[in-house]
Amino acid sequence: MSTLDVRAEAVTVSPPSPAPVPPRFDFDVAIVGLGYVGLPTALAYHASGSRVLALDVSSRRLRTIAARGADLIDSDRQRLDAALRRPGDFRLTGDVTELSRAAAIVVCVPTPVDHQQVPDLAPLRAACATVVAAARPGQLVMLTSTTYVGCTHDLVEQPLRERGFEIGRDVFVTFSAERIDPGNVGFAQEVVPRVVGGATPRCEEEGARLLSRYAARVHRVSSLATAEMTKLLENTFRAVNIALANEFADICGALDVPVTEVIEAASTKPYGFMAFYPGPGVGGHCIPCDPHYLLWQLKALHVDAGVITEAMTRIAARPRRVVERIRDVLGRAGKGTLGARVLVVGVTYKPDVADLRESPALEIIDHLLDVGAEVQYVDTHAPHIHLDSGRERDSLADPGAFHPDVVLVHTRHHDSDLAWLDGDALVVDGTYRSTDIAGRVLL
Ligand SMILES: NC(=O)c1ccc[n+]([C@@H]2O[C@H](COP(=O)([O-])OP(=O)(O)OC[C@H]3O[C@@H](n4cnc5c(N)ncnc54)[C@H](O)[C@@H]3O)[C@@H](O)[C@H]2O)c1
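The rules behind these values
- Residues numbered from 1 in each chain as written.
- Predicted model: local features only at pLDDT ≥ 70, side-chain atom pairs only at ≥ 80, totals over all residues.
- Heavy atoms only, no water.
- 1 Å grid on protein atoms, 1.4 Å probe; cavity = no way out; pocket = protein on both sides within 12 Å on 5 of 7 lines; lining within 4 Å.
- Points joined across faces, edges and corners; volume = space filled by probe spheres on them.
- Helix = DSSP H or I, 4+ residues; strand = E, 2+ residues; numbered from the N terminus.
- Nonpolar A, V, L, I, M, F, W, Y, C, P; charged D, E, K, R; others polar.
- Domains from an automatic or database assignment.
- Near = heavy atom within 4 Å.
- Polar contact = N/O pair within 3.5 Å; in protein donor to acceptor, adjacent residues only side chain to side chain.
- Areas by Shrake-Rupley, 256 points an atom, 1.4 Å probe, with all protein chains shown as cover.
- Buried < 20%, exposed > 50% of the residue type's maximum accessible area, 1.4 Å probe, protein only.
- Arc of directions from axis to C-beta.
- Contact = heavy atoms within 4.5 Å.
- Pairing = 2+ DSSP bridges.
- Axes fitted to C-alpha atoms, helices over the stretch in contact; angles between N-to-C directions.
- Phe/Tyr/Trp six-rings, centres within 6.5 Å; stacked < 30°, edge-to-face > 60°.
- Lys NZ or Arg CZ within 6 Å of the ring centre and 35° of its normal.
- Parallel < 35°, antiparallel > 145°, perpendicular 65-115°, else oblique.
- Left-handed = near helix turned anticlockwise from the far one by under 90°.
- Patch = residues over 30% accessible without salt bridge, like charges linked within 9 Å, V, L, I, M, F, W, Y side chains within 5 Å.
- Salt bridge = Lys/Arg side-chain N within 4 Å of Asp/Glu carboxyl O.
- Buried area = accessible area lost by both parts, 1.4 Å probe.

### Quick look at the layout of surface pockets
When its volume is computed, the second largest pocket comes out at roughly 730 Å³. Contributing to the lining of the second largest pocket are 28 residues, with His115, Glu358, Ser359, Glu363 and Asp388 lying nearest its centre. Listing elements by their share of the lining of the second largest pocket, those giving two or more residues are helix 10 (306-332) and helix 11 (360-370). By residue number, the principal contributor to the lining of the second largest pocket is helix 11, which donates six residues. In terms of residue class, the lining of the second largest pocket is built from eleven nonpolar, eight polar and nine charged. Counting residues domain by domain, the lining of the second largest pocket receives three or more from each of domain 1 (29-222) and domain 2 (317-440).

Quick look at the structure:
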């Protein structure tokens, strides 16, 4: 019988040192951090029959969830509705002392970078300190936030040892990065395999058992560090390939070759090629941030990572490249940037989400305003934006009435309607794939 089974009266452990009999737990799993990743995760556990304690330090976030106002795909919205009707086995809370009521604790708090691209570990440190302080014998702790190699050891395993727990006997420490793609209805959380590593083989086993509650496939690796590094490879791979796709777009532009046609043709090769598409930059909480966790760690160790460093530099420079392209397009039409009316279509970092974090659109709009353009935007998913400069904008209700000189197509949601485009404005297609817009130019 598993130590994670809340119905367990006792736990069978290997001799010679018997573990203390764990107490009964009221919840199978507690999710710490109910953001874009943590909330769907909590709902996936609940839908699989687990009793879930859903914890966030933000009372505002808890209110939003309770009011069914969180940004979720339809299937998760239905799950939330069902969960909220069963408060006995889906409990929303901001009270960290309740963590002791859960057999397993899954930490899913943000791991951003600051303006200097240095990892900001404050939320993860705070969450781990809370979890360690609340830990009870029999509990499993699983970090799922993307982070540097060695973090689970530093913030969970070692502090638990210092509290006197024997890891792998009294408590279990694991790492399994989330792979969810918020807003993507094509890959339900259950079908995406999970990778798990443990501080000891027993920890790994318990971690795999927890994930198996909803994940169809669990891939076990030999250590916490391997699991942490796996996530860094996944997202660094993506960042480097996006940087390459952007560079190929610029090269194709210079040689007058249609880049998307080239990528689609290359994609017919059934091995050794994977399609990545160019765009106006990258956003969200992963690609612009995660590789910096690795670079930050490598810098301290004086380990060279030239390819990754260059890719991240190019990615950071992309929004300015977009601004230069808009100025160039205006210039070719005999218009200056000063006073030019620029309309940005779609400001979220990707289609069909409301997430504005690290969205290139925000930086593009700020730069355009800095050089004297008059800039507005339209986005059904983001009614209001705050820019780093402190400026604010509301999405236009009637974009056609703005009579833009140039339109930048930044993000296209599936429900985005461009019927108001009258053919007078220049259109710069930052998506490279808006083939339905006549006369568009590529970035
Ligand atoms: N967003 C993605 O696409 C994605 C995908 C895979 C993995 N990840 C990783 O998942 C992690 C979480 O990302 P996210 O996008 O869900 O973040 P988020 O900002 O959407 O949500 C994080 C939540 O954690 C809460 N929180 C912060 N500190 C806390 C604490 N000490 N205790 C309890 N709650 C706390 C916040 O109030 C917030 O609601 C990150 O490490 C990220 O890299 C994100």
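### A look at the site of the ligand
Neighbouring the ligand are 27 residues; Tyr36, Val37, Asp56, Thr111 and Arg357 lie closest to it. Contact distances for the ligand include 3.5 Å between an oxygen atom and a backbone N or O atom of Val109. Thr146 is positioned such that a nitrogen or oxygen atom in its backbone is 3.0 Å from an oxygen atom of the ligand. Taking 840 Å² as the accessible area of the ligand by itself, protein coverage stands at 89%. Here the residues of the shell around the ligand sort into 14 nonpolar, seven polar and six charged.

### Here's the deal with helix 3 (residues 74-84)
Among all positions of helix 3, only Asp76, Leu80 and Ala83 are buried. Projected down its long axis, helix 3 carries its buried residues within an arc of 65°, all on one side. In helix 3, the exposed positions that point more than 90 degrees away from the buried face belong to Asp74 and Gln78. Contacts made by the buried residues of helix 3 are with helix 1 (38-47), helix 2 (59-66) and strand 3 (90-93).

### Focus: the sheet that holds strand 6 (residues 172-175)
Strand order in this open sheet of eight strands is 3-2-1-4-5-6-7-8, and the pairing throughout is mixed. The sheet is open, and its two borders are formed by strand 3 and strand 8 (218-220), each paired with just one other strand. Geometrically, the sheet is characterised by an average inter-axis angle of 25° between neighbouring strands, direction not taken into account. One ladder, built from two bridges, connects strand 6 with strand 7 (residues 194-198); its direction is antiparallel.

### A look at the packing of aromatic side chains
Under the counting rule described, the total for this entry stands at three aromatic pairs. Measuring from ring centre to ring centre gives 5.5 Å for Tyr148 and Trp296, while their planes differ by 65°; the resulting arrangement is edge-to-face. Of this pair, Tyr148 sits in the loop between strand 5 (140-143) and helix 5 (151-162) while Trp296 sits in helix 9 (residues 290-300); the two residues are 148 residues apart in sequence, bridging distant segments of the chain. When the ring centre of Tyr277 is taken as origin, the NZ or CZ atom of Arg433, which lies over that ring, is 4.0 Å away.

### As for the packing of helix 7 (residues 224-255) against helix 10
In a packed pair of helices, the relevant descriptors are the angle between the two axes and the axis-to-axis distance. It is the contact of helix 7 with helix 10, at a shortest axis distance of 9 Å, that shows an interaxial angle of 55°. Comparing their axes, helix 10 and helix 7 come out oblique. As helix 7 runs across helix 10, the sense of the crossing is left-handed. Residues Thr236, Ala239, Val240, Ala243, Asn246, Glu247 and Asp250 of helix 7 pack against Val307, Ile308, Ala311, Met312, Arg314, Ile315, Arg318 and Arg321 of helix 10.

### A short note on the pairing of strand 13 (residues 406-409)
Here strand 13 shows a buried face lined by Val406 and Leu408 and a second buried face lined by Val407 and Val409. The pairing of strand 9 (residues 341-345) with strand 13 spans four bridges and is classified as parallel. Bridge pairing in strand 13 links Leu343 to Val407. Across four bridges, strand 13 lies against strand 14 (residues 426-429) in parallel orientation. When the bridges of strand 14 are listed, Val409 appears paired with Asp429.

### Topic: the environment of Arg136
Along the chain, Arg136 turns up in the loop between helix 4 (122-134) and strand 5. Overall, Arg136 belongs to the partly exposed group, its relative accessible area being 27%.

### Observations regarding a nonpolar patch on the surface
A cluster of nonpolar side chains, Leu244, Phe248, Ile251, Leu255, Val257 and Val262, forms an exposed patch at the surface whose accessible area comes to about 500 Å². Take the nonpolar patch: its biggest share by element is four residues, from helix 7. Note on placement: Leu244 falls in helix 7. Judged by relative accessible area, Leu244 falls into the partly exposed class, the value being 44%.

### Focus on the domain arrangement of the protein
The domain architecture assigned to the protein consists of domain 1 (29-222) and domain 2 (317-440). In this structure, domain 1 and domain 2 have C-alpha centres spaced 37 Å apart. The interface of domain 1 with domain 2 comprises six residues on the first partner and seven residues on the second. Each partner contributes to the roughly 530 Å² buried at the junction of domain 1 and domain 2, and carbon and sulfur atoms together form 46% of this total. For domain 1, the biggest contributors to the area lost against domain 2 are Tyr36, Asp71 and Pro182; these three give 61% of the whole. Across the domain 1-domain 2 interface, the total number found is three residue pairs in polar contact (both at pLDDT 80 or more).

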